[in-house]
Each structure stands twice: as C-alpha cells, then as structure tokens.
Amino acid sequence: MGWLSEALGSSIGKKFVMGFTGIGLILFLIFHLVGNFTLYGGPEAFNGYVHTLDIVKPIIRVIEVGLGLVFIFHIYNGIKLWWENKKARPNDYKISAKSKNTTFFSRTMIQTGSIVFIFLVLHLATFWWLFNFSGEPHEKGDAYYAIVVEWFQIPWYAIFYVIAVILLGFHLNHGFQSAFQTFGWNHKKYFPFIQKLGTVYAVIMALGFASFPIYFLFFYGGN
Ligand code: HEM
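Here the residue numbers are simple positions, counted from 1 along each chain's written sequence. It should be noted that, the model being predicted, local features are given only for residues of pLDDT at least 70 and side-chain atom pairs only at 80 or more, the latter also being counted only at that level, while totals for whole chains, interfaces and linings use all residues.

## Describing the overall build of the chain
For clarity, the threshold we go by: Only runs of H or I of at least four residues qualify as helices and only runs of E of at least two qualify as strands under DSSP, and these elements are numbered from the N terminus. Whether two residues are in contact depends on their C-beta atoms, placed from the backbone: they are in contact if these lie within 7 Å.
Secondary structure assignment for the chain yields 11 helices and zero strands. Listed by position from the N terminus, the elements making up the chain come as α-α-α-α-α-α-α-α-α-α-α. Restricting to contacts in the chain with at least 6 residues of sequence separation, those with at least 24 account for 79%.

## Observations regarding the site of the ligand
What counts here: Nearness rests on one distance test: the residue's C-beta atom, set from the backbone, must lie within 6 Å of the molecule or strand. As a working rule, the residues Ala, Val, Leu, Ile, Met, Phe, Trp, Tyr, Cys and Pro are called nonpolar, Asp, Glu, Lys and Arg charged, and the rest polar, with Gly in that last group.
Lining the immediate environment of the ligand, one finds 20 residues, of which F127, W128, F131, F209 and F212 sit closest. Elements with a contribution of two residues or more to the shell around the ligand: helix 2 (11-36), helix 3 (43-55), helix 4 (57-88), helix 7 (109-133), helix 10 (155-182) and helix 11 (191-219). Residue contributions to the shell around the ligand peak at seven residues, all from helix 7. A class-by-class count of the residues in the shell around the ligand yields 15 nonpolar, four polar and one charged.

## Overview of helix 10
As a reminder, the rule being used: One less than the residue count of a helix, multiplied by 1.5 Å, gives the span that helix is expected to have.
Over its 28 residues, helix 10 runs 40 Å from end to end, which matches the ideal 40 Å to within 8%, given 1.5 Å per residue. Backbone geometry just downstream of helix 10 places G184 in the positive-phi region, at approximately 85°.

## Observations regarding the nonpolar core
Among soluble globular proteins, nonpolar side chains are generally buried collectively. For clarity, the threshold we go by: Only buried Ala, Val, Leu, Ile, Met, Phe, Trp, Tyr and Cys residues enter a nonpolar core, and they are joined through C-beta atoms within 7 Å. Each residue is classified by how many other C-beta atoms fall within 10 Å of its C-beta atom, where C-beta atoms are placed from the backbone; a count of 20 or more means buried, 12 or fewer means exposed, and values in between mean partly exposed.
With 19 residues, the main nonpolar core has V165, L168, M205 and A206 as its most contacted residues. Contributions of two or more residues to this core are made by helix 9 (143-152), helix 10 and helix 11. With eight residues, helix 10 is the largest single contributor of residues to this core. Aside from chain neighbours lying at most four places away, what touches V165 is A206, F209 and A210.

## Concerning the packing of helix 9 against helix 11
Here is the rule: Axis lines are fitted through C-alpha atoms, for helices just across the contact stretch, and the angle between N-to-C directions can take any value from 0 to 180 degrees. For classification purposes, angles smaller than 35 degrees are called roughly parallel, those larger than 145 roughly antiparallel, those between 65 and 115 roughly perpendicular, and all remaining angles oblique.
Helix 11 packs onto helix 9 with a crossing angle of 80° between their chain directions and a minimal axis gap of 8 Å. Accordingly, the angle class assigned to the pair helix 9 and helix 11 is roughly perpendicular. For the pair helix 9 and helix 11, contact is made by V148, V149 and F152 and by F212, P213, F216 and L217, respectively. Counted by class, the contact of helix 9 with helix 11 contains seven nonpolar, no polar and no charged residues.

## Some thoughts on helix 4
When the terminal C-alpha atoms of helix 4 are compared, their 46 Å separation across 32 residues agrees well with the 46 Å that a helix rising 1.5 Å per residue should span. Buried within helix 4 are the following residues: H74, N77 and G78.

## Notes on the environment of G169
With respect to the element layout, G169 can be found in helix 10. Accessibility expressed as a C-beta count within 10 Å gives 23 for G169, which makes it buried. Residues G169 and V200, spaced 31 residues apart in sequence, show a C-alpha to C-alpha distance of 9.8 Å. Non-local contacts of G169, meaning those with residues more than four positions away in its chain, are made with A202, V203, M205 and A206.

Structural data, given as structure tokens:
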C-alpha cells in the first residue's frame, strides 16, 4: 500500500483526491437541497420526507460514513495543498497570487472553506444531532419540521447560515471548474461552458440553501 499513499501524497495525487471528493460533495449538495425543498411543503411534507429517509436508515448510515471520510480527505488535502503553495511562494505571494491564472474565488478557497467548515460543525451539532440522537423527534413523530423552524427563528443562527452558504457558493464556483480541470476536461472549446455551469451551480446552491433561513426568519407565519 506504500505506492498508494505515495501516489495520493504527490502534488497531482492530492489534486485528484480534491477533485474526486469535490465531485462527491457537489452531488451530495444537489440531493440535500432537493430534499430540503420539502420544507416549503409544510410540516407534513418535510416530516414525511425525513421518515422516508428513516426507513432506509442503514443505507443512510453507510452514506454518512462515506460522506464523513470524503469531507475529512477533502479538508486534510485542501489544507496541505494550501500550505505547500504558500511555502512555494512565501514573499512574492501578493504579486504572483494575482497573476492572470488566479481569480478572487481561487485565491480565497482556504478562507471560504474554513468558514464552511465552521458552519458544518455547527450544522451537524444542531440539526443532524437533534434529528438523530435527541430521541425527541421519534417520540413526537412530527417534530422534525418544528426543530428547523425553532432554530431558523434565532437571528444569529439564521444570519450565519446565510453568510456561510454565500461563501459556500464562492467555494463551489472555483471548486467545480477546478475539479474538471484536474481530470483534464479543460479543452479550450468546452472549458468556458464548464466554468459557466460551475457558476450556475454555485449560485443555485447558495440561493437555494440561503432561502430556508431567510424564509423562516422573515416570512414564516406558522403552520
Ligand atoms: C441552509 C439550509 C440547510 C438545511 C435546512 C439543512 C438541513 C439538514 C437537516 C435537517 C439535516 C439532518 C437530516 C437527517 O439526519 O435526517 C442535515 C444533515 C446534513 N447536512 Fe444539511 N442543511 C442545510 C445546508 C447544508 C449545507 C450547505 C451543507 C454542506 C456544506 C450541509 C451538510 C449536511 C450534512 C453533511 C449532513 C449530515 C448527512 C445527512 O444526514 O444527510 N447542509 N441538514
């Protein structure tokens, strides 16, 4: 297995890990956003959706472990890549970083990624924990929706969500095209399309996820 860790530890290997795990996370976010849209259908629709997920809980658990590993690899590799790049150009960073190959989004991946990470820890410690381990929802049967409403009516929590998912959009805007580039799908003719597709994807994710805290904080009148 020495060859494997050596290959993954090389610079291009790390980029491949970022690309693969990044694409896994891109797909996960699409499913997550679509599922969350049931919140707009009211308590019955959302609780029904969560109960459906409950039926296939063993499968969900396997997916969660996979997702956890993907996140860990993605973050660990991202920090290492960032650190190696920083070491490679310590002093002329400000000048070379703004060369024509970089954008605001690519230069801020470590910052936007770090905020998204803090968001994720908070998100899992609240929603995911309460949904899975508080015991409460299972007793009441229909409390999932109520948990979401309760948390999103806390202003700092809802506003932090909005800021974090906008930064997630920045992160995805560069991450999407970067993953494609790593796999060599950067043909002159098609790459501008990939870049546009990445931006469309990032904007949909940011606006879609931001819509929930905004709705429950400002527009929700009770069901
Ligand atoms: C802002 C709107 C969002 C809402 C309303 C929301 C809601 C939820 C809920 C209710 C759960 C628990 C599901 C369950 O265990 O049955 C959950 C889990 C999770 N969320 Fe979110 N989420 C949002 C945004 C995000 C974002 C932007 C990310 C990633 C950056 C994310 C990543 C996750 C992960 C990794 C889990 C655990 C895996 C799972 O059980 O599906 N969520 N979310």
